[in-house]
Structure formats: C-alpha cells, structure tokens
Amino acid sequence: MFKSLRRKFVAAAVASVTVVIILMASTLNLINYYKVGQRVDDSLYEASKSSALITIFADDGEDMIINKNNASNTPNYNGFSIAKIDENEKVIRSYRDDSLIVNNDDLQKLVSRALKKTGESGYIGTYRYLKVNNDAGNLVLLLNTQRELDSFHVFLRNSIIISLIVILSVLILVVMVSKKVIAPIQQGYQKQKQFITD
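The present account deals with the structure reproduced in this document.

Definitions and limits used
- Residues numbered from 1 in each chain as written.
- Predicted model: local features only at pLDDT ≥ 70, side-chain atom pairs only at ≥ 80, totals over all residues.
- Heavy atoms only, no water.
- Helix = DSSP H or I, 4+ residues; strand = E, 2+ residues; numbered from the N terminus.
- Core = buried A, V, L, I, M, F, W, Y, C linked by side-chain atoms within 4.5 Å.
- Buried < 20%, exposed > 50% of the residue type's maximum accessible area, 1.4 Å probe, protein only.
- Contact = heavy atoms within 4.5 Å.
- Salt bridge = Lys/Arg side-chain N within 4 Å of Asp/Glu carboxyl O.
- Pairing = 2+ DSSP bridges.

1. Thoughts on unusual backbone geometry
Notably, Glu-89 is not glycine yet its phi reads approximately 65°, a positive angle. Residue placement: Glu-89 occurs in the loop between strand S2 (80–85) and strand S3 (91–97).

2. Examining the nonpolar core
The biggest cluster of nonpolar side chains holds 14 residues, and the ones touching the most others in it are Leu-107, Val-111, Val-140 and Leu-142. Mapped onto this core, the elements with two or more residues apiece are S2, helix H3 (104–116), strand S5 (127–134) and strand S6 (137–144). Take this core: its biggest share by element is five residues, from H3. If we skip the residues at most four places from it in the chain, Val-140 touches Ser-81, Ile-82, Ala-83, Ile-85, Val-111, Ala-114, Leu-115, Tyr-129, Leu-130 and Lys-131.

3. Let's talk about the pattern of salt bridges
As enumerated under the stated definition, the model contains two salt bridges in all. For the salt bridge of Arg-128 with Asp-41, the shortest nitrogen-to-oxygen distance reads 2.8 Å. Here Asp-41 lies in helix H1 (residues 2–48) and Arg-128 lies in strand S5, a separation of 87 residues in the sequence. Both residues of the pair, Arg-128 and Asp-41, belong to the buried class. For the salt bridge of Glu-46 with Lys-49, the shortest nitrogen-to-oxygen distance reads 3.6 Å. Residue Glu-46 is classed as partly exposed on the basis of its relative accessible area of 49%.

4. Looking at the side chain of Asp-41
Look at Asp-41 and you get buried, because its relative accessible area is 17%. With near-sequence residues (within four places) excluded, Asp-41 lies in contact with Ser-121 and Arg-128.

5. With respect to the pairing of strand S4 (residues 121–124)
Sheet topology places S4 next to S5; four bridges connect them, and they run antiparallel. Looking across to S5, one finds that Ser-121 is bridged to Leu-130. Hairpin connection of S4 to S5: two residues between the antiparallel strands, including Gly-125 at a positive phi of 65°.

As structure tokens, this is what we get:
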C-alpha cells in the first residue's frame, strides 16, 4: 500500500515539474523564434526604404543584373538579394550579394516560391523574404538567415538538454525524499491500526 502511495507521490511531483518546465521551455523557444523573424523583417523593411535601392531599381532600362558576390562560400553566410519583378512574376532586374544564389535562375526559383506564399514575409528554407511595392517597383527582398536559425536551433537544443537534466534531478531528489515524506503517514496508519486492534 505504502509503496504504491510512494510511487504515486513521485509520479505526481515529477509530472507537475515536467509540465511546468515544458511550458516554460516552449514559451521561451516560441518567443525566441518570433524575435528572430521580427529582427530579420525589421532589417529587410529598412532595406526596402533605402534611397540606394530606389536608385538601383527605379530606372526602367534594359534588364540588368547587379551581382556583388562575396568570397565566402560557407553555408551560414548571410547573403542578401533583391529581385525586381514584372507583372508576370519574372525577375527583370536583381541585386545579389549572396554566394549561394549563383545565377538569376536560382533567384527566380526563390522569388517564385515567395510569391506563392500568402504572407508579406516568411521563410523559404533558410531564406527570409519580404514582398514590397514601392517607388522602385514590385520587389522581393531575400536574406539568408542561416546564422540566426542556427542560433535558434542551438538555443532549442540547449533548452531541451537543460529541461531533461532538471526533470531527472527532480526525479532523483523526489525519490530520495519520498520515503521521509511517506514515513509519517505510514507511522500514523500503523498507530491507528494498532489502536483499533487494541
């Protein structure tokens, strides 16, 4: 009887702590994910209002590619690209500062995927996009957020590891303490049983 009571006590205590820790870790990770997207969106929005951007794309001349490649080919390079699109959703001019977008075809694929999405901004793989229509024309801005997403995943992984360590520690502690917690109940029950039999 008391072994069962002890098990129920341990299970209830650990379950309560687990629920609280899961709620806290989930909330922290959701806030972190939201903040990552918000920071990138703020950067893209500021870039969309740049006078240099309007100067580059305002001219209605022939199709032109402004290609500023970075020497870095590391997968977490935060490349930045802008595409001006026509009414048929085709890229007619671009600015590329991203070693991972090799040519206009790669950029067109990303832009097409962004245009299929309903939101003004969002993710396409590791890229965050922002769709704007301003004096420079109909634009899609793309930023490779691999570094930010890697940081988010590290935070997520660490919060899971820490949560598991805390839950395991609580389990060990509650198992050690549960015998002492149940002891007075057991003694009271034994005294009551003895009193009834006497």
